[in-house]
Each structure stands twice: as C-alpha cells, then as structure tokens.
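Chain by chain, the residues run as shown.
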Amino acid sequence: MLNIAPIKSTPYPTLRSCIDDCIQSVAKWQGTDSKCMYGNAWQMSFEEQQSPDQPLVERLALPRISTESLSAYHGLIFNYIERKGPAMDRDFMLDLLESRLSSGMPVLVGFDSYDCPWCVAYRRLHTSHACLAVGLDRPGNLIYLTDAYYGKVLEAVDFDVLEQA
C-alpha cells in the first residue's frame, strides 16, 4: 500500500479540480516542486460552430492537463487509459492496477460520483470524479483509494462498485 497523503492543490474556494488535488498529492509524496504545476490546464478555447443555433457551451473545449509540463518540470509521468470495449475487461483493469501499484506508482482512477458514497453528488447527480488508487487486495476484491478533493486518507472500496461507476 502506498502512503500518499491527500493534499489540496489550492485553498478553498479557489478554482481546483479533483485531478489537480491528486497531482498535488503525488508531487508532495515524491518531494517535487509544485509551482506552476497546472500551467495551461485551465485555458479554454472554442470549437467551430456546427450550426447557427448551437449553444456556446457546446463549443467550449477544456484541454487535458499538460502531461508534457508535468514530466518536464516535475518528473511526474501521467498517462491516460480510457476503458473501452471487451479487451479492457475486469481482469485487464485489475492486472493494470496491480502492475502499476506493485511498481510503486499510484493510479488515478476516474468514475461517476453518483456511485461514490463520500461524494456530495452520491445518488443525486452524475458527474466525473477522480482519486488515487494506492492499494489493491485482489482476493478480497478491494481497491484502496485516497481522495484529496474530499480529504479522504484511505477508503476501501469493493472493486465491483468501482467498476460499475
């Protein structure tokens, strides 16, 4: 089990996200500088208008976090793996988690906060949320999560619940 303390990226109520908080937690755990960590992560742009009546909000494009900046300036390697199709079944996901965690690396996991008991949106609203997987008990079917956004040091979650979320 990785001992990563949940660290807020900015003091409340400054704009932040659960991913920012996860990155800040990993940076602090690795002892890396976190100044200017998010760089252009919040710069918005607009896609081309598809029709004259298309609402502006549908054209809004938010970039993903600059993985190049995280690597170059902070030594953090950040890869996105989107779970798609039968090739990424339960065993694939568990093998991936087990491999990354056993190498000493936490895994950022994203899910629907509607199914997350400690989230404000639990059973009320479908929204994206992310936290860090820091441990795995495969025989017990448990994944251990640290959630910096909500200040949760360690939460044991049934993998079946997380998989559905």
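Remember, predicted model here, so these are calculated numbers, not experimental data. (Residues numbered from 1 in each chain as written. Predicted model: local features only at pLDDT ≥ 70, side-chain atom pairs only at ≥ 80, totals over all residues. Heavy atoms only, no water.)

**Points about the pairing of strand β6 (residues 152-158)**
- In this structure, strand β5 (residues 142-147) lies alongside β6, joined through five bridges in antiparallel fashion. What sits directly across from I143, in β6, is V157. (Pairing = 2+ DSSP bridges. Helix = DSSP H or I, 4+ residues; strand = E, 2+ residues; numbered from the N terminus.)

**As for the sheet that holds β6**
- As summarised here, the arrangement of the four strands in space is β3-β4-β5-β6, forming an open sheet in which the pairing is antiparallel. Because the sheet does not close on itself, it has two edges, and the strands there are β3 (107-112) and β6. Strand-to-strand twist of the sheet, defined as the mean angle between neighbouring strand axes without regard to direction, takes the value 45°.
- Those strands touched by helix α1 (residues 18-30) are β3 and β4 (128-137), and its axis lies near 40° from that of β4.
- Contacts from helix α3 (residues 90-102) reach β3, β4 and β5 within the one sheet, and its direction differs from that of β4 by about 70°. (Axes fitted to C-alpha atoms, helices over the stretch in contact; angles between N-to-C directions. Contact = heavy atoms within 4.5 Å.)

**Let's talk about the pairing of β5**
- Counting buried positions along β5 yields five of six residues, so the element is predominantly enclosed.
- With five bridges connecting them, β4 and β5 associate as antiparallel partners. Bridging from a neighbouring strand, A133 pairs with L145 of β5.
- What sits between β4 and β5 in their antiparallel hairpin is a turn of four residues, with N141 showing a positive phi close to 60°.
- Connecting the antiparallel pair β5 and β6 is a turn made up of four residues, with G151 showing a positive phi of about 70°. (Buried < 20%, exposed > 50% of the residue type's maximum accessible area, 1.4 Å probe, protein only.)

**Details of empty space enclosed by the protein**
- All told, the structure shown has one cavity of 30 Å³ or more when counted by the stated rule.
- Residue lining of the largest cavity: F111, D115, C116, P117, W118, L145, V157, V161, L162 and A165, and that is the complete set.
- Here the lining of the largest cavity is built from residues that sort into nine nonpolar, no polar and one charged. (1 Å grid on protein atoms, 1.4 Å probe; cavity = no way out; pocket = protein on both sides within 12 Å on 5 of 7 lines; lining within 4 Å. Points joined across faces, edges and corners; volume = space filled by probe spheres on them. Nonpolar A, V, L, I, M, F, W, Y, C, P; charged D, E, K, R; others polar.)

**What to know about α1**
- The first and last C-alpha atoms of α1 sit 18 Å apart over 13 residues, in line with the 18 Å expected at 1.5 Å per residue.
- Buried within α1 are the following residues: C18, D20, D21, C22, I23, Q24, S25, V26 and A27.
- Lining the buried residues of α1 we find α2 (67-74), β3 and β4.
- Where α1 terminates, the next one or two residues include G31, which has phi positive at roughly 70°. (Expected span 1.5 Å × (residues − 1).)

**Some words on the side chain of H129**
- Mapping H129 onto the fold places it in strand β4.
- Engagement of the side chain of H129 in a polar contact is seen with the side chain of D147, the distance being 2.7 Å.
- For H129, the residues in contact, after removing those within four places along its chain, are C18, V109, G110, F111, S113, C119, D147, Y149 and Y150. (Polar contact = N/O pair within 3.5 Å; in protein donor to acceptor, adjacent residues only side chain to side chain.)

**Examining unusual backbone geometry**
- With a phi angle near 60°, R123 is a residue other than glycine that sits in the positive phi range.
- Among the structural elements, R123 can be located in the loop between β3 and β4.
- One non-glycine residue, N141, lies in the positive phi region at around 60°.

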